[in-house]
Amino acid sequence: MTQAVVLITGAAKRVGRVIAERFAQAGYAVVVHYGSSQQDALDTVQAIEAGGGVSLLQQADLQDPQQLQAMIAATYARFGRLDVLVNCAAIFFPDTLADFALEDLERSWQVNCRAPLLLTQAFYQQAQQRGQQGVVINVVDQKVRANFHPEDFSYTVAKAALGNLTAMLAMSSAPVLRVNALYPGLMTPSGDQTQADFEYSSARSTPLGYIAPVTEIADAILLLTRPSFNGAEFVVDAGQNLVRVDRDVINLYRAP
């Protein structure tokens, strides 16, 4: 197969779906991963194929290392190659140092950091065996760029670890893989935010009074696939990381 192939975790809906459709528009065959959102994933696949694209639907529990290996293997079995891995999927829930549960910390670590690492390892092994090269883009979070706050503790611990591994992974996987990190800010309604809450927060979270749209996040990820980017840490948040906060913006800014 001569067509480039991308695997995107969490591609069934929200940000992941926008990224999947952007790569399809750029000519990639898209492996659409989902965990439990089967119908959303089917809708994403159908949208890609309706536009003339090529896609492969893959279900995997990101907490299960064997399923991660199997998903990478299935991608190579179908296409004979993988060019880009986008680790987009994440889980998020409110907790703090004072009240986090060990099982939640473990779950966040497994999905938000360990899964990207294991997928990168499996990608590296398959590509190395075939004499191929590729690139990994880890979607992190602007808050771990010196804009920490006490909330979302388990999520933040895992994302901080993933972000700080960028240079190490880039060095460890060269010349087979390049590894880059993208740090987005507020993108879509989260938690119990209403649409009004989201719009109110969007207008107050950055120095510019607006947030980076999801389409620009997708464009930035596509940009990071180019050969000149390796070990890069790319913040695309309309300056949200410049506004210091002591709470998550979804809680800090609520519509009156």
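Calculation notes
- Residues numbered from 1 in each chain as written.
- Predicted model: local features only at pLDDT ≥ 70, side-chain atom pairs only at ≥ 80, totals over all residues.
- Heavy atoms only, no water.
- 1 Å grid on protein atoms, 1.4 Å probe; cavity = no way out; pocket = protein on both sides within 12 Å on 5 of 7 lines; lining within 4 Å.
- Points joined across faces, edges and corners; volume = space filled by probe spheres on them.
- Helix = DSSP H or I, 4+ residues; strand = E, 2+ residues; numbered from the N terminus.
- Phe/Tyr/Trp six-rings, centres within 6.5 Å; stacked < 30°, edge-to-face > 60°.
- Buried < 20%, exposed > 50% of the residue type's maximum accessible area, 1.4 Å probe, protein only.
- Pairing = 2+ DSSP bridges.
- Axes fitted to C-alpha atoms, helices over the stretch in contact; angles between N-to-C directions.
- Contact = heavy atoms within 4.5 Å.
- Nonpolar A, V, L, I, M, F, W, Y, C, P; charged D, E, K, R; others polar.
- Polar contact = N/O pair within 3.5 Å; in protein donor to acceptor, adjacent residues only side chain to side chain.
- Salt bridge = Lys/Arg side-chain N within 4 Å of Asp/Glu carboxyl O.
- Expected span 1.5 Å × (residues − 1).
- Core = buried A, V, L, I, M, F, W, Y, C linked by side-chain atoms within 4.5 Å.

Caption draft 1: Broad picture of the layout of surface pockets. Taken as a whole, the largest pocket spans an internal volume of roughly 1200 Å³. For the largest pocket, the lining is made up of 45 residues, of which Arg14, Cys88, Ala89, Ala90 and Ile91 are closest to its centre. When residues of the lining of the largest pocket are traced back to their parent elements, those giving at least two are helix H1 (14-25), strand S2 (29-34), helix H4 (102-130), helix H5 (153-164) and helix H9 (249-252). A total of three residues in the lining of the largest pocket trace back to one element, the largest contributor, which is H1.

Caption draft 2: Structural context of the packing of aromatic side chains. Scanning the entire structure with this criterion turns up three aromatic pairs. Centroid distance phenylalanine 92 to tyrosine 155: 5.1 Å. Interplanar angle 75 degrees. Geometry classified as edge-to-face. Separated by 63 residues along the polypeptide, phenylalanine 92 in the loop between strand S4 (84-87) and H4 and tyrosine 155 in helix H5 bring together distant segments of the chain. Residue classification places phenylalanine 92 among the partly exposed positions, given a relative accessible area of 34%. Using a relative accessible area of 7% as the deciding quantity, one classes tyrosine 155 as buried. Judged by centre distance (5.1 Å) and plane angle (20 degrees), the rings of phenylalanine 100 and phenylalanine 153 are stacked. In this pair, phenylalanine 100 sits in the loop between S4 and H4 while phenylalanine 153 sits in helix H5, placing the two residues 53 residues apart along the sequence.

Caption draft 3: Expanded view of the sheet that holds strand S3 (residues 55-59). The seven strands lie next to each other as S3-S2-S1-S4-S5-S6-S7, forming an open sheet whose pairing is parallel. Strands with a single pairing partner mark the edges of an open sheet, and in this sheet they are S3 and strand S7 (233-236). Neighbour-to-neighbour, the strand axes of the sheet open up by a mean angle of 20 degrees, direction not taken into account. In terms of strand pairing, S4 meets strand S5 (residues 134-139) through four bridges, oriented parallel. Across the sheet, the residue bridging to valine 86 is isoleucine 137, located in S5. Across the sheet, H4 touches S4, S5 and strand S6 (177-184), and the angle it forms with S4 is around 175 degrees.

Caption draft 4: Representation of empty space enclosed by the protein. The final tally for this structure, using the stated rule, is one cavity of 30 Å³ or more. The computed volume of the largest cavity comes to approximately 30 Å³. Lining the largest cavity we find Thr9, Leu62, Asn87, Cys88, Ala89, Val111, Ala115, Pro116 and Leu119. Among the residues making up the lining of the largest cavity, the classes are represented as seven nonpolar, two polar and no charged.

Caption draft 5: Molecular detail of the side chain of asparagine 147. By the element assignment, asparagine 147 lies in the loop between S5 and H5. We classify asparagine 147 as buried; its relative accessible area is 3%. Separated by 3.3 Å, the side chains of asparagine 147 and glutamine 142 make a polar contact. A polar atom in the side chain of asparagine 147 sits 3.2 Å from the backbone oxygen of valine 243. Here asparagine 147 is in contact with Gln142, Gln240, Asn241, Val243, Arg244 and Val245, once residues within four sequence places are set aside.

Caption draft 6: Quick peek at the pattern of salt bridges. The tally for this structure, following the rule as stated, stands at ten salt bridges. Residue glutamate 233 is joined to arginine 145 by a salt bridge in which the shortest nitrogen-to-oxygen separation is 2.7 Å. Of this pair, glutamate 233 sits in strand S7 while arginine 145 is found in the loop between S5 and H5, placing the two residues 88 residues apart along the sequence. Relative accessible area serves as the criterion here: at 37%, glutamate 233 is assigned to the partly exposed category. For arginine 254, the salt bridge is made with aspartate 192, and the minimal N-O distance between the two is 2.6 Å. In this pair, arginine 254 sits in the segment after H9 while aspartate 192 sits in the loop between S6 and helix H7 (195-202), placing the two residues 62 residues apart along the sequence. Residue class for aspartate 192 comes out exposed when judged on its relative accessible area of 58%.

Caption draft 7: Focus on helix H3 (residues 65-79). For H3, which comprises 15 residues, the first-to-last C-alpha distance of 22 Å matches the rise-based estimate of 21 Å (1.5 Å per residue) to within 8%. Here the buried face of H3 lies against strand S1 (5-8), S2, S3 and H4. The backbone nitrogen of glutamine 66 lies 3.0 Å from a side-chain oxygen of the residue at the head of H3, namely aspartate 64. Just downstream of H3 lies glycine 80, where phi reads positive at about 80 degrees.

Caption draft 8: Molecular detail of the nonpolar core. Counting 36 residues, the largest nonpolar core has Leu7, Ile72, Leu82 and Phe123 as the members making the most contacts within it. Contributing elements (two or more residues each) for this core: S1, S2, H3, H4, H5, helix H6 (166-173) and S6. Looking at which element gives the most residues to this core, the answer is H4, with seven residues. Dropping the residues within four chain positions of it, leucine 82 is found in contact with Val5, Val6, Leu7, Ile72, Thr75, Tyr76, Phe123, Gln132 and Gln133. Of all hydrophobic cores here, the second largest spans 34 residues; its members include Phe23, Ala41, Val45 and Val214.

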